[in-house]
Structure formats: C-alpha cells, structure tokens
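Summary of the model geometry
So you can see what is in the structure, the chains are spelled out below.
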Amino acid sequence: MKKILLASAAALLLGGVAAWFCGGRHWGWTKTSVRTTKIEPVTGLEEQVWEKRFVPGVDFLVATAAGGGVLFFSSFLVRKKNH
Amino acid sequence: MKTKLGIIVGLVSLGSVVLAAPQKFDFKDPKSVNNIVFQLDAPLESINGTANGISGEVTFDSSDPGSINGKITLATATLHVGNPMQKEHLHGAMWMDVTKYPEIIFEAVKAENVKTSGNDTTADVTGKLTVKGITKAVVVPVRITYLKDRLKDRIPNKQGDLLVLRAKFSIKRSDFNINARNGEDKVSDEIQLSLSLAGMAAK
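Not measured: the values here are computed from a predicted model.

A count of helices and strands for chain A gives two helices and two strands. Relative to the compact-globule value of 12 Å for 83 residues, chain A shows a C-alpha radius of gyration of 20 Å, a clear excess of over 25%. Dimensions of chain A, computed from the C-alpha atoms along their principal axes, are close to 80 × 15 × 15 Å. Buried positions account for 27% of the 83 residues belonging to chain A. Looking at chain A as shown, the accessible area adds up to about 5,700 Å², and 68% of this sits on carbon and sulfur atoms. A gap of 28 Å separates the mean positions of the 11 positive and 5 negative side-chain charges of chain A.

Rendered as structure tokens:
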C-alpha cells in the first residue's frame, strides 16, 4: 500500500509537470479555450475565434503538486507489512 | 427641349439628395465577426476576453459624417474568457451580473473633432454608456470607414453599403459598480476596451 501511494504521488507530480510542459509551459491560469484572431478581408476587422483547447496553467501545477504531496504524506500513515 | 432638360436636371438633383441621405446601418452581424475585446490588468496575468452579442442601429450620412448617431447594444451573456472559473465570476452578481443586467448599451449623442479622409472619418463621439444599470457620459475616439456598395462582397446576393466602426477606450469598473469592493491590488480598476464593428445598410 505504501509503495502504491508513493508511486501514485510520483506519477501525479511528474504527470502534472509533463502535462504543463507539453501544454505550452503557460505561466498564467489554466484555460479551456484559447483565442485566436483572423482578419476579415472585406472590412479588415479582427475576428475573435475561441478554440476549445486545454492549456494547463500554474494553478494546474499547484493542484497536481498538492495532490502528489497528499499521497506522499499519506504513505507515512500506512504501516509497512512485517514479514 | 427645355422641359426635358429640366426633368433630367431635377432627377439628377433628386438622385444626389437621395444618395446623400442618412442611412441606417444594422449592426446585428450575420457573420458574428463584430466583437468587443476587454482587458484588465491582474497580478498573475491580465484578464483578456471578448463578447460578440452585438446589435443596434447607427445612422450615418456620408456627406455629413459628423451627424453620426445611434445605439449599440451588447448582450452580457456573450462575455467570454478562457478560464471557466473566471468566466463564472465574470457573469456572477459581483462582476457583470448578467442575469439582472443582460445588456450594456452605448448611445451616441454627438460627434466632435470630425476629420474625413477618403472613406475614413475619425471623430470623438460623446455618448451615454449604461453598464449594470448605471449610465455615464463617455467620449470615445472612433474611426469610421464607409464602404459603399461593398455589402455584396461580405454577404453574397445582398446589395448595399457597409459601415465599419473601430474604437479603443477605457472605463473604470468602480464607475459602474463592477466588483467595486475588490481593490486595485488584485485587479486593475481600468478596463481597456477595443470595439470592432461592421454594420450593413441593405438596398
């Protein structure tokens, strides 16, 4: 059980960092949609287009680190099996 | 001969009067390009968003651009930001309270410092801005572009003119009771706004 908790903590922490890194290393808040602009040819106006995309932010990093921390410290509460 | 000439001259004059007459431009955009971009400075990153629920009517006379007047309405439910929690707060009672105040209205009253060059006119438009039920007078620097007979290029099979309005200005959220209790240490009092609007007058 202790090993499972430690492995889960490591997986959550590393997975969170990996997802954040691959998701664009965004230092702001997590986003579920991203804005892009297109120029409308006739009027020359900037059209705002929202594209559904998950961009993990700093809050995502903190949440995964906190989850990993909880699992890590929980592992100390579990007694090691005596053989 | 004189009578015929008189009729022709009369028709031409009438035509020019008709052509120069003020036109009403509808700003409910079937292509949903019309938008307002807003930005507020905040500690981690600025709050950036858009809204596209725009409607309204503007009267514009190409021979007298300074006489521009009209009303633009924004549906507050269309305010959008990329972070879902921020969007929930933005629509909530503390911020825009979109259920109680479904519209933001700008009503143009007069235009000053009008300068026209070709199709483009710049002017300082004074109007009444109503946000969350509070109405304040604001002066908005506007760039107006009149595109004669260009509606068909935007919407096929429709004849008419286009009127493009662009404006950048800022308002204070404390003036309109937008989360007024939240100090400037968290989110700036100033809201920067950028308007990109196209209206059409079909013939």
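Our next topic: empty space enclosed by the protein. Residues and elements named next belong to chain B. The tally for this structure, following the rule as stated, stands at one cavity of 30 Å³ or more. Of the voids in this model, the largest cavity is the one considered here, and its volume is about 540 Å³. As for the largest cavity, its lining consists of 32 residues, and the residues nearest its centre are Ile 36, Leu 129, Phe 169, Leu 193 and Leu 195. Broken down by secondary-structure element, the contributors of at least two residues to the lining of the largest cavity are strand E2 (35-40), strand E5 (69-75), strand E7 (103-117), strand E8 (120-131), strand E9 (134-147), strand E10 (160-172) and strand E11 (190-202). Looking at the lining of the largest cavity element by element, the count peaks at five residues for E5.

So, on to the pattern of salt bridges. Pairing of side chains with opposite charge becomes possible as their charged atoms draw close. The full count for this structure, using the stated rule, is ten salt bridges over all chains. Linking B:Lys31 and A:Glu40 is a salt bridge whose minimum nitrogen-to-oxygen distance equals 3.3 Å. With B:Lys31 in the loop between strand E1 (23-26) and E2 and A:Glu40 in the loop between strand E1 (31-39) and strand E2 (46-55), this pair bridges two chains. For B:Lys31, a relative accessible area of 38% gives the class partly exposed. Look at A:Glu40 and you get buried, because its relative accessible area is 4%. For the salt bridge of B:Lys203 with B:Asp161, the shortest nitrogen-to-oxygen distance reads 3.5 Å. In this pair, B:Lys203 sits in the segment after E11 while B:Asp161 sits in strand E10, placing the two residues 42 residues apart along the sequence.

For the rest of this paragraph, the subject is the interface of chain B and chain A. Listed by partner, the interface residues are 27 residues for chain B and 19 residues for chain A. Both faces considered, chain B and chain A share a buried interface measuring about 1,800 Å² in area, 58% of it formed by carbon and sulfur atoms. Of all residues in chain B, B:Val33, B:Leu44 and B:Glu45 bury the most surface against chain A, accounting for 28% of the area lost on that side. On inspection of chain B and its partner chain A, the count reaches three salt bridges. Here B:Arg154 makes a salt bridge to A:Glu40, at a shortest N to O gap of 2.7 Å. Put simply, chain B and chain A have eleven residue pairs in polar contact (both at pLDDT 80 or more) between them. Every element with two or more residues in the side of chain B that touches chain A is listed here: E2, strand E3 (47-51), strand E6 (80-81), helix H2 (84-91), helix H3 (151-154), E10 and E11 of chain B.

For the rest of this paragraph, the subject is unusual backbone geometry. Residues and elements named next belong to chain B. One non-glycine residue with positive phi stands out, namely Asn 157, at about 70°. Here Asn 157 shows up in the loop between H3 and E10. In this structure, Asn 177 takes a positive phi of about 55° despite not being glycine. One can find Asn 177 in the loop between E10 and E11. Exposure remark for Asn 177: the relative accessible area of 44% places this residue in the partly exposed category.

In this section: helix H2 (residues 58-77) of chain A. Residues and elements named next belong to chain A. Given a rise of 1.5 Å per residue, 20 residues ought to cover 28 Å, and the 29 Å separating the end C-alpha atoms of H2 matches this to within 8%. Every buried residue of H2 is accounted for by Leu 61, Thr 64, Gly 68 and Ser 75. Taken end-on, H2 shows its buried residues confined to a sector of 75°, consistent with a single buried face. The exposed set on the far side of H2, more than 90 degrees from its buried face, consists of Val 62, Val 70, Phe 73, Phe 76 and Leu 77. The inward-facing, buried residues of H2 abut helix H1 (2-22).

Calculation criteria
- Within every chain, residues take consecutive numbers counted from 1 along the sequence as written.
- Key to labels: chains lettered from A, ligands numbered from 1, both in the order written.
- Per-residue local features are limited, in this predicted model, to residues with pLDDT of at least 70; the limit for side-chain atom pairs, both in listing and counting, is 80 or more; totals at the level of whole chains, interfaces and linings are taken over all residues.
- The side-chain numbers reported here are obtained from all heavy atoms of the structure, hydrogens and water having been left aside.
- Helix numbering and strand numbering both begin at the N terminus, where a helix is a DSSP run of H or I of at least 4 residues and a strand a DSSP run of E of at least 2.
- Radius of gyration: C-alpha atoms only; globule rule: 2.2 Å multiplied by the number of residues to the exponent 0.38.
- The buried label goes to any residue with under 20% of its type's maximum accessible area, the exposed label to any with over 50%, and the partly exposed label to all in between, with areas taken from a 1.4 Å probe on protein chains only.
- Note on areas: Shrake-Rupley, 1.4 Å probe, and residue coverage restricted to the protein chains presented here.
- The sign given to each residue is positive for Lys and Arg and negative for Asp and Glu; His and the chain ends receive no count.
- By convention, the charge on Lys lies at NZ, on Arg at CZ, on Asp at CG and on Glu at CD.
- Cavities and pockets were defined on a 1 Å grid built over protein atoms only: a cavity is a set of grid points that admits a 1.4 Å probe from which the probe cannot escape, a pocket is an open set flanked by protein on both sides within 12 Å along at least five of seven lines, and lining residues are those with an atom within 4 Å of any such point.
- Grid points are joined across faces, edges and corners, and a volume is the space filled by probe spheres set on the points.
- Throughout this description, the term salt bridge denotes a Lys or Arg side-chain nitrogen within 4 Å of a carboxyl oxygen of Asp or Glu.
- Residue contacts are defined here by distance: any two heavy atoms, one from each residue, within 4.5 Å place the two residues in contact.
- Buried area, as used here, totals the accessible surface that two parts lose on assembly, with accessibility defined by a 1.4 Å probe and the loss added over both.
- Polar contacts here mean pairs of N or O atoms no more than 3.5 Å apart (in protein, one a potential hydrogen donor and the other a potential acceptor; neighbouring residues in sequence count only if both atoms are side-chain atoms).
- Helix span is expected to be 1.5 Å times the residue number reduced by one.
- What the arc measures is the spread of directions leading from the helix axis to the C-beta atoms.

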